[in-house]
There are 2 protein chains.
Amino acid sequence: MKSPVDIAVTGAAGQISYSLLFRLAAGDLLGPDQPIVLRLLEITPALDALNGVLMELNDCAYPLLHDVVVTDDPKTAFDHVDYAFLVGAKPRKQGMLRSDLLLQNAEIFQVQGKALNAAANRNVKVLVTGNPANTNALLAQRNAPDLAPSCFAAMSMLDHTRAISQLAAKCAVSIRDVSNVCVWGNHSCMQYPDLHHAKVKGIDALSLVGRDWFVDDFIPTVQHRGTEVIKARGASSAASAANAAIKHMSVWINGTDDGDWVSMAVPSDGSYGIAEGLVYSFPCRVVDGQYHIVESLEINAFSRERLRQNEAEVREEMLAIQHML
Amino acid sequence: MKSPVDIAVTGAAGQISYSLLFRLAAGDLLGPDQPIVLRLLEITPALDALNGVLMELNDCAYPLLHDVVVTDDPKTAFDHVDYAFLVGAKPRKQGMLRSDLLLQNAEIFQVQGKALNAAANRNVKVLVTGNPANTNALLAQRNAPDLAPSCFAAMSMLDHTRAISQLAAKCAVSIRDVSNVCVWGNHSCMQYPDLHHAKVKGIDALSLVGRDWFVDDFIPTVQHRGTEVIKARGASSAASAANAAIKHMSVWINGTDDGDWVSMAVPSDGSYGIAEGLVYSFPCRVVDGQYHIVESLEINAFSRERLRQNEAEVREEMLAIQHML
């Protein structure tokens, strides 16, 4: 039996985590031979509810679940972790200004960045899903100066799989027939799901679906999908977000498929004119556990404008919390 | 690529199903090479919410999810299914008599039994988790005369894994060190979790934990665990119930481990003096996709009394709905 691997999950009593934890314990991320320790972080008032989740985890008698740590202390949660899912974030409440939301979340991710810096393994993979995800990831990364920036990413995988699903449905093909979709920019309604490089059974996707559908239907559908799910389900996306978190981390560990890429929000290296250091979603390839921004894709004027709008939004978010970087 | 296999889930917009569906689609039951079709049944008023779940399933872009059918018609839901998870049931509301609960659920499972009889594949495996699970399974089975009784089971797997977890924790050993636990009888607070045959690292469990702990602590803890989870979490067990459903079905497909057994509520063949035909939880071994009650275990006076009490409770439930069998 291998040694257990430590995985941290924040916001562990929340809905996304409720869909995530049982899949992690069942081996959905690291496979059927890798024992894990779950290190679960919550704010103090949520510890009682989290203990209820712990009871259920224990009740499953998972052979792979070596131990579960429940804590409200970030350093305890991140102690020697190889993987960290930063799921918890303050939701926007009615009447709350966006700037207040940014600031309140900034405090959380500043603290967590410092704790990761102090406690996590040096090869840790940190995935931020709590919104505003790009800026929260930036904060955590900048507050962890002893960890490589490449240890951090924010999640655009749910946008990515939503885009794949929409394209596959439109073309009446299976998911496996779609490749090279990407989502650029901010994990917000500004995001730019892009089909200029996408292929369906190896054929240029735009030539199949037409530009009007791409601009008038596909882009807004992917951008506003979260709101539509809330309308239909009466609750925000949880199981699909948890699935995307597992998929993002799984690709980060195991690599991308030959010839394909995924969308990941990562610290920019200046590619495509996006200011260095901003956390921004790019098409990425993963080799040996390291992500690399796919370079030299052709970007036309339509795309360039959307990339620029996304950069402006991410930059504006950053300016609001710059004193905490 | 293999042909898709059809899996029905009832009560598909409910909380247990929300924890179940995404795991089925991820391949947690049938593995990474088996495409599936999910056939989701709900009552008409819940179809809107179920369509929200459908949106999330699509958003995941699961390569294995060949299709999803959403319906309020049982025959459509069960059309050519190989596996059916009967999750949906009416919950007991405040002031409702237990007899009313039995009758209202009886109507649901009578209809579903007839629909399974008409539409399902002849080798279907039907797992009832909706409460009262034993009697609901009896109703479905008796209303499906063209299907073998061995196509049906009710779930006592959550009780079974809860019992394993409690014993492993008490002995400070890993889950893998525990075997031959069983839970007898009704999936209710009357259930009898039994350690007389259980082993910890091959050693007789009762000799390790002592009879007082077994009687005064272990039995009531397992019996009332569901209530304790509700108290702690503010909601009933969903993810652990879904996990148990996957485990029950997985064992039913792949077989029990050598020398071990699991607990399954199945139509009695008269073993241990339990009246033939009653759906009752026994220790079962599974070979080639067929469950067999483990015979000839020694039952002492203490255990015999608890088996008898459970039989009386299951029989009483049956009498309340006998006109619908």
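Please refer to the structure higher up on the page.
Predicted, not measured: the structure shown is a model, and the values here were computed from it. Residue numbers restart at each chain and count upward from 1, following the sequence in its written direction. Whichever chain is written first is A, and whichever ligand is written first is 1; the rest continue in order. Totals for whole chains, interfaces and linings use all residues, but because this is a predicted model, local features are given only for residues with pLDDT of at least 70 and pairs of side-chain atoms are given and counted only at 80 or more. For the side-chain quantities, the full set of heavy atoms in the structure was used; hydrogens and water were omitted.

Caption draft 1: Broad picture of unusual backbone geometry. Residue Pro132(A) follows Asn131(A) across a cis peptide bond; omega there is -10 degrees. Unusually for a residue other than glycine, Lys201(A) sits at a positive phi of about 50 degrees. Comment: elements are numbered from the N terminus, with helices defined as DSSP H or I runs of at least four residues and strands as E runs of at least two. Mapping Lys201(A) onto the fold places it in the loop between β10 (199–200) and β11 (203–204). Phi at Ser296(B) takes a positive value of approximately 65 degrees, unusual for a residue other than glycine. A relative accessible area of 72% means that Ser296(B) is categorised as exposed. Burial classes follow relative accessibility: with a 1.4 Å probe on protein chains only, a residue under 20% of its type's maximum area counts as buried, one over 50% as exposed, and anything between as partly exposed.

Caption draft 2: Region of interest: the nonpolar core. Put simply, a nonpolar core is a bunch of buried Ala, Val, Leu, Ile, Met, Phe, Trp, Tyr and Cys residues held in one set by side-chain atoms that sit within 4.5 Å of each other. Leu57(A), Phe78(A) and Phe85(A) are the most contacted members of the largest nonpolar core, which has 115 residues in total. In terms of residue count, the dominant contributor to this core is helix α10 (residues 239–254) of chain A (eight residues). Segmentation into domains, and thus their bounds, comes from an automatic or database assignment. Among the domains, domain 1 (5–154) and domain 2 (157–320) of chain A are the pair contributing at least three residues each to this core. In this description, contact between two residues means that some pair of their heavy atoms is separated by no more than 4.5 Å. Not counting residues up to four positions away in its chain, the partners in contact with Phe78(A) are Ala8(A), Thr10(A), Leu41(A), Ala84(A), Leu86(A), Gln112(A), Ala115(A), Leu116(A), Ala119(A) and Ala120(A). Formed by 113 residues, the second largest nonpolar core is a distinct cluster that contains Cys182(B), Trp213(B), Trp252(B) and Leu297(B).

Caption draft 3: Structural context of empty space enclosed by the protein. Points on a 1 Å grid over protein atoms alone make up a cavity when a 1.4 Å probe fits among them but cannot get out, and a pocket when they form an open set with protein on both sides within 12 Å along at least five of seven lines; lining residues each have an atom within 4 Å of a point. Grid points are joined across faces, edges and corners, and a volume is the space filled by probe spheres set on the points. As enumerated under the stated definition, the model contains two cavities of 30 Å³ or more in all. Each pocket or cavity is described by its volume, and for the largest cavity that value is around 90 Å³. Of all elements in the fold, only α1 (15–25) and α10 of chain A together with α1 (15–25) and α10 (239–254) of chain B reach the threshold of two or more residues within the lining of the largest cavity. In this model, the second largest cavity occupies a volume close to 30 Å³. In terms of lining, the second largest cavity is formed by Gln15(A), Tyr18(A), Ser19(A), Gln15(B), Tyr18(B) and Ser19(B). Where the lining of the second largest cavity is concerned, the elements lending two or more residues are α1 of chain A together with α1 of chain B. Charged means Asp, Glu, Lys or Arg here, nonpolar means Ala, Val, Leu, Ile, Met, Phe, Trp, Tyr, Cys or Pro, and polar covers whatever is left, Gly included. Residue composition of the lining of the second largest cavity, grouped by class: two nonpolar, four polar and no charged.

Caption draft 4: Layout of the pattern of salt bridges. Salt bridges are defined as contacts in which a side-chain nitrogen from Lys or Arg sits within 4 Å of a carboxyl oxygen from Asp or Glu. Inspection of every chain in the model, using the stated rule, returns 18 salt bridges over all chains. For the salt bridge of Glu311(B) with Arg315(B), the shortest nitrogen-to-oxygen distance reads 3.1 Å. Placement of the pair is Glu311(B) and Arg315(B) together in helix α11 (residues 301–320), with a separation of four residues, close to one helical turn. Since its relative accessible area comes to 12%, Glu311(B) is described here as buried. Judged by relative accessible area, Arg315(B) falls into the partly exposed class, the value being 36%. Among the ionic contacts, a cluster of salt bridges with common partners joins Asp59(A), Asp159(B), Arg162(B) and Arg225(B).

Caption draft 5: Seen up close, the relation of the copies chain A and chain B. Overlaying chain A on chain B yields an RMSD of 0.0 Å, the required transformation being a rotation through 180 degrees with an accompanying axial translation of 0.0 Å. The superposition operator between the copies reduces to a two-fold rotation axis. When C-alpha positions in chain A are compared against the rotation axis, the closest is assigned to Ser19(A), at 3.2 Å. Here 100% of the contact residues of chain A are again contact residues in chain B; the copies associate through an equivalent surface. In this comparison the copies share one frame, found by least squares on the C-alpha atoms of residues holding pLDDT of at least 70 in both.

Caption draft 6: Up close: the interface of chain A and chain B. Contacts between the two partners involve 38 residues from chain A, matched on the other side by 39 residues from chain B. Among the residues chain A hides against chain B, the three largest losses belong to Met55(A), Asp59(A) and Arg233(A). Together they make up 19% of the total. Put simply, chain A and chain B have six salt bridges between them. Pairing of N or O atoms within 3.5 Å defines a polar contact, subject to two protein rules: one partner must be a possible hydrogen donor and the other a possible acceptor, and residues neighboring in sequence count only if both atoms are side-chain atoms. Viewed at the interface, chain B and chain A are joined by 24 residue pairs in polar contact (both at pLDDT 80 or more). Those elements that provide at least two residues to the side of chain A that touches chain B are α1, α2 (47–59), α6 (157–171), α9 (225–233) and α10 of chain A. In terms of residues, the side of chain A that touches chain B owes the most to one element, α2(A), which gives eight residues. Residues belonging to the side of chain A that touches chain B are distributed by class as follows: 20 nonpolar, eight polar and 10 charged. Throughout, buried area stands for the accessible area (probe radius 1.4 Å) lost by two parts on being put together, summed over both.

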